[in-house]
Amino acid sequence: MICSRMNFIVTCVFVCFELKALDYIKVKINKPTKKIDLFSENRMRVSLLGKSKLSKKMSINCDFKSRRSFSKSLVASIESTSPIKYDGKFFKGKFDIIARKKSGCEIINTVKFENYVSSLLSKEMNKTWPIEALKAQAIAARSYALSKLKKNMSSTYHIESSEREQVSGSYSEQNENTDLAAYMTKDLILVDDKGRLVEAYYHAMCGGKLLDPNHIWEGSFYGFHTKKCEYCNKYKKEGFKDVISKKSFLQVLRKNGYPFKSLISVKNLDEYIVFSGIDMKKGSFKISKNKIKRILKNKIIKSFNFNIKIIGERIYLKGFGHGHGVGMCQMGALGMAEQGMSYKDILSYYYPKFKIISKEDLKL
Ligand SMILES: [Zn+2]
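Bear in mind that the values here come from a model prediction, so they are computed numbers and not experimental data.

This brings us to the overall build of the protein chain. From N to C terminus, the protein chain includes 9 helices and 21 strands. Out of the 364 residues belonging to the protein chain, those deemed buried represent 37%.

Either a parallel or an antiparallel arrangement is found when strands of a sheet pair, and the pairing is made through backbone hydrogen bonds. Ordered in space as β14-β19-β18, the 3 strands form an open sheet in which the pairing is antiparallel. Edge positions in the sheet fall to β14 (240-245) and β18 (306-311), since each of these pairs with one other strand and no more. Across this sheet, the average inter-strand angle for adjacent strands is 20°, counted without regard to direction. Here helix α6 (residues 246-255) sits on the sheet and contacts β14, β18 and β19 (314-319); the angle it forms with β14, its principal contact strand, is near 90°.

Turning our attention to the packing of helix α2 (residues 113-124) against helix α4 (residues 176-184). Two numbers describe how α2 lies on α4: the axes approach to 8 Å, and their chain directions differ by 130°. Considering the angle they form, α2 stands oblique to α4. Of the two possible hands of crossing, α2 and α4 adopt the one that is right-handed. Counted together, E114, V117, S118, L121 and S122 of α2 and T178, D179, A181 and A182 of α4 form the full contact between these two elements. Here the residues of the contact of α2 with α4 are counted per class, giving 4 nonpolar, 3 polar and 2 charged.

A separate point is unusual backbone geometry. We note that D87 has phi near 55°; this positive angle belongs to a residue other than glycine. Using a count of 13 C-beta atoms within 10 Å as the deciding quantity, one classes D87 as partly exposed. Even without glycine at this site, K297 takes up a positive phi of about 50°. Residue placement: K297 occurs in the loop between α7 (289-296) and β18.

On to the domain arrangement of the protein chain, then. You can read the domains of the protein chain as domain 1 (12-160), domain 2 (190-233 + 324-356) and domain 3 (240-319). Measuring from the centre of the C-alpha atoms in domain 2 to the corresponding centre in domain 3 gives 27 Å. With 12 residues of domain 2 in contact, the opposing surface of domain 3 contributes 10 residues.

The rules behind each value
- Residues numbered from 1 in each chain as written.
- Predicted model: local features only at pLDDT ≥ 70, side-chain atom pairs only at ≥ 80, totals over all residues.
- Helix = DSSP H or I, 4+ residues; strand = E, 2+ residues; numbered from the N terminus.
- Buried ≥ 20, exposed ≤ 12 C-beta atoms within 10 Å, placed from the backbone.
- Pairing = 2+ DSSP bridges.
- Axes fitted to C-alpha atoms, helices over the stretch in contact; angles between N-to-C directions.
- Contact = placed C-beta atoms within 7 Å.
- Parallel < 35°, antiparallel > 145°, perpendicular 65-115°, else oblique.
- Left-handed = near helix turned anticlockwise from the far one by under 90°.
- Nonpolar A, V, L, I, M, F, W, Y, C, P; charged D, E, K, R; others polar.
- Domains from an automatic or database assignment.

In structure tokens:
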């Protein structure tokens, strides 16, 4: 009996600790920089190289040059009862300044998870959009961030504010709308049919078709499939197009290991294009659109939702959308919310294999 009670207490201590740990997130908010200027209305408590002081303003010189000993080490910790101003914006929470050899310092902002979600809505979506679209975005972004937090639990930071991951905002970018969307979906996340937390990918606009990440990215992804999107069409403008000479296109293909002497035809599939021509061994190559975008280094291609045509000596490229095309289409979410649909409708449309639960019910 005593033994089982002890087990319960030990389990509770670990579970309770984990839940508390999940209430905050450590976000890298800047690229390494040589000088950091901070300000706070109330005086900041600054712990700098082992010494502590109180100050409203401070400037940290991170031009380390050859001082190797600073690499990856904590330079300063800063806390304040009022938001801290950096680069023209106010941030809630704590700042840790970390040195990166020669390149300067990074700021790691430890902030309440729900503040992070609210501030992100104005950067990854638009704070003036209908509340149901913002709520759907809050749940997708919370799931993505929580997956990163759990993966990087013991790292210097959990997630960076960047287009590669998620662009988070600051306290300055929160408003009533974003706070409300975060509050009304507090702790809600997406899990798959096995109860596992989902990295809920999303993108600006699919242009009519959602894609399967298994066909465009390296690695294995569960629960995302190719699907028609019926809600972003009204925002579809001209899309993007380009014309490339067949000669230079063949040169790029050859340089990347596709030994075509000539190109006869192309067949456009969802995530791939099959090129047929004359070569030494086989007559055709199936190349992913992601790879085509990469090898062409073409800035005009904004999504993987494009097709190629060969007419005479030219290659015509035409596509729609913006972003990788996986998971929730944000313009589609806007379209659905404008038609009066709820965040649950939006999420079940874009993530049909996933369900919404509270993070407290997540299997740890
Ligand atoms: Zn769409």
